[in-house]
Amino acid sequence: MAESESVYKSASAITTAQRVVALDAHRGLLMVLMAIDHASSFIARVHSVEFWGTALPVYSTGYWFWTRWITHLCAPGFFFLMGIGMVLFAEARRNAGWKESRITRFFLIRGLLLIFLQLFVEHPAWIFGDLTASRNVMVIRGGGVPGGGNEGMIYLGVLFALGGTMVFWAFMRRASAWLIGMISLSAILLTQFVIPGSDQVTTLYSPLLRLLLIPGHTRLWEVFYPVVPWLGVGGLGLLFGERLMRDPNRAGRLAHWTGLAFLALFVIIRTTGGFGNLNVVPEGWMGFLNVTKYPPSLAFLTMTLGINLLLTGMGKRAGPHLRSRYHPLLVFGRVALFFYLLHLWVYSLLGLFFKTGADLVTMYSVWLFGLAILYP
């Protein structure tokens with residue numbers, strides 16, 4: 001998510017240009033989908049939360065359900081693509097004569113910058129968006145945020161976890177593939193084992209535990225994206241990036257079949273209803289697909305990473321349709337960090353015209369209008 005356009009120009013000497021363009025388009029697609037969720041929050045004044053230990057959202061119609069569900073692809077895709085981007089960037093800079101210490105320093109500074117931007121650019125946008133709404137108009141679907149305390153709030157979202165993940169892998173990226181794999185899987189599985197049950201939902205866990213593992217609210221801190229559950233996804237991206245660099249065609253086939261395997265595992269996890277769900281599986285087809293995101297349950301990750309891997313595997317076939325550098329997905333995907341920060345302010349400002357909310361059709365219309373504003 002945070003890699004610049006120049007990274008992918010340099011990486012074209014390592015992999016095929018067509019494959020790198022496909023990754024940019026993949027990232028751009030995730031950006032466009034992500035904007036739907038934030039337009040829903042700022043324009044429609046409707047937002048869903050899927051936290052551990054609390055009731056999952058209930059939807060009256062499939063339209064609102066799919067509006068939320070499609071955006072689930074974004075966060076796992078960001079971390080996975082960031083891992084790939086770190087590998088391609090490192091190899092390109094290695095070929096340009098950078099020492100490993102300089103590459104590590106770059107990732108360290110970049111990761112800390114993401115955390116800084118979370119606190120001082122993203123967080124104020126959310127505050128502004130909340131202030132533009134009429135009092136008590138926001139509709140929150142789901143059981144709310146675990147924990148409590150009203151002494152103030154510092155919101156830590158996806159940029160915080162992306163930054164923390166980049167800092168961690170800045171130092172561990174040169175480890176052997178098996179060690180990276182073990183760390184990644186351990187981080188993902190640890191989350192499934194240690195997240196408490198619903199009887200602990202009001203517990204005020206320490207801020208450090210919130211930042212690292214258990215999302216929720218403890219007085220000053222409101223953490224949606226703790227680092228540990230997500231660094232495993234970034235590690236899987238590192239492993240795939242190494243494969244992509246060695247043999248793009250084989251990596252594409254691997255992504256395809258691994259994606260299908262992940263989706264099959266998702267069906268098994270939801271059908272059995274036990275380990276890997278973090279919440280009781282609701283009834284009906286919506287309930288089957290309604291998964292816990294905070295932190296990402298194994299069901300959430302197998303479903304969303306499965307689809308992201310299929311999109312990655314389609315990269316070579318998508319290449320001929322992405323020849324123009326002005327393709328919207330390429331434009332958004334190549335400046336993803338800038339898009340992310342700017343779109344929050346664009347939609348929060350547009351929210352000034354919708355203080356009491358809007359219907360679904362209006363929300364999607366304003367979403368498209370916002371993309372048109374951002375494209376230039």
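Structure: see above.
Residues numbered from 1 in each chain as written. Predicted model: local features only at pLDDT ≥ 70, side-chain atom pairs only at ≥ 80, totals over all residues. Heavy atoms only, no water.

Participant: Whenever I open this one, the nonpolar core confuses me. Can you help?
Facilitator: Across soluble globular proteins, nonpolar side chains have a tendency to be buried as a group. Of all hydrophobic cores here, the largest spans 104 residues; its most connected members are Tyr225 and Trp230. Sort the elements by how many residues they give to this core and helix H4 (residues 74–95) lands first, with 13 residues. In contact with Trp230, not counting residues within four places along its chain, are Ala75, Pro76, Phe79, Ala161, Thr165, Tyr225, Lys293, Pro296, Phe300 and Leu301. (Core = buried A, V, L, I, M, F, W, Y, C linked by side-chain atoms within 4.5 Å. Buried < 20%, exposed > 50% of the residue type's maximum accessible area, 1.4 Å probe, protein only. Helix = DSSP H or I, 4+ residues; strand = E, 2+ residues; numbered from the N terminus. Contact = heavy atoms within 4.5 Å.)

Participant: I'm lost on helix H6 (residues 158–172) in this one. Help?
Facilitator: Along an α-helix, residues three or four apart share an orientation, since each turn contains 3.6 residues. With 15 residues, H6 ought to run about 21 Å at 1.5 Å a step, and its terminal C-alpha atoms sit 21 Å apart, in line with that. Summarising burial for H6: 12 of the 15 residues are buried, a large majority. Of all the positions in H6, only Val158, Leu159, Phe160, Ala161, Leu162, Gly163, Gly164, Thr165, Met166, Val167, Trp169 and Ala170 are classed as buried. (Expected span 1.5 Å × (residues − 1).)

Participant: Looking at this structure, I do not really get the packing of aromatic side chains. What am I missing?
Facilitator: Aromatic ring pairs are reported here in terms of the distance separating the ring centres and the angle at which the planes meet. Taken as a whole, this structure holds 29 aromatic pairs when the rule is applied. Both rings, one in Phe65 and one in Trp285, keep their centres 5.4 Å apart while their planes meet at 85°; by these two values the pair is edge-to-face. Within this pair, whereas Phe65 is found in helix H3 (residues 62–69), its partner Trp285 is found in helix H11 (residues 284–289), the two being separated by 220 residues in sequence. Given the relative accessible area of 2%, Phe65 is considered buried. On the basis of relative accessibility, which here comes to 46%, the residue Trp285 falls in the partly exposed class. Taken together, a centroid distance of 5.6 Å and an interplanar angle of 75° make the contact between Phe266 and Phe288 edge-to-face. Of this pair, Phe266 sits in helix H10 (residues 248–272) while Phe288 sits in helix H11, and the two are 22 residues apart along the sequence. According to the relative accessible area criterion, Phe288 is partly exposed, its value standing at 26%. Linked through ring pairs, Phe42, Phe51, Phe79, Trp126, Tyr155, Phe224, Tyr225, Trp230, Tyr294 and Phe300 together constitute an aromatic cluster. Sitting above the plane of the Trp98 ring, Arg93 keeps its charged end 5.3 Å from the centroid. (Phe/Tyr/Trp six-rings, centres within 6.5 Å; stacked < 30°, edge-to-face > 60°. Lys NZ or Arg CZ within 6 Å of the ring centre and 35° of its normal.)

Participant: Help me understand the pattern of salt bridges in this model?
Facilitator: Under the definition given, this model contains eight salt bridges. A salt bridge links Asp24 to Arg334, with the shortest nitrogen-to-oxygen separation between them at 3.0 Å. Remark: Arg334 occurs in helix H14 (residues 328–334) and Asp24 occurs in helix H2 (residues 17–44); sequence separation between them is 310 residues. Comparing Asp24 with Arg334 shows no difference in burial state: the two are buried. One salt bridge in this structure joins Glu100 and Arg94, with 2.4 Å as the shortest N-O distance. Owing to a relative accessible area of 25%, Glu100 belongs among the partly exposed residues under this scheme. For Arg94, a relative accessible area of 27% gives the class partly exposed. A single network of salt bridges, built from pairs that share partners, joins Glu91, Arg94, Glu100, Arg173 and Arg174. (Salt bridge = Lys/Arg side-chain N within 4 Å of Asp/Glu carboxyl O.)

Participant: Sorry if this is basic, but what is going on with the packing of H4 against H6 here?
Facilitator: A pair of packed helices is captured by two measures, namely the crossing angle of their axes and the spacing between those axes. Two elements in contact, H4 and H6, have axes whose closest approach is 11 Å; the angle formed by their N-to-C orientations is 35°. In this structure, the crossing between H4 and H6 has a hand that is right-handed. Where H4 approaches H6, its residues Phe78, Phe79, Met82 and Met86 are matched on the opposing element by Val158, Ala161, Leu162, Thr165, Met166, Trp169 and Ala170. Residues that form the contact of H4 with H6 fall into these classes: 10 nonpolar, one polar and no charged. (Axes fitted to C-alpha atoms, helices over the stretch in contact; angles between N-to-C directions. Left-handed = near helix turned anticlockwise from the far one by under 90°. Nonpolar A, V, L, I, M, F, W, Y, C, P; charged D, E, K, R; others polar.)

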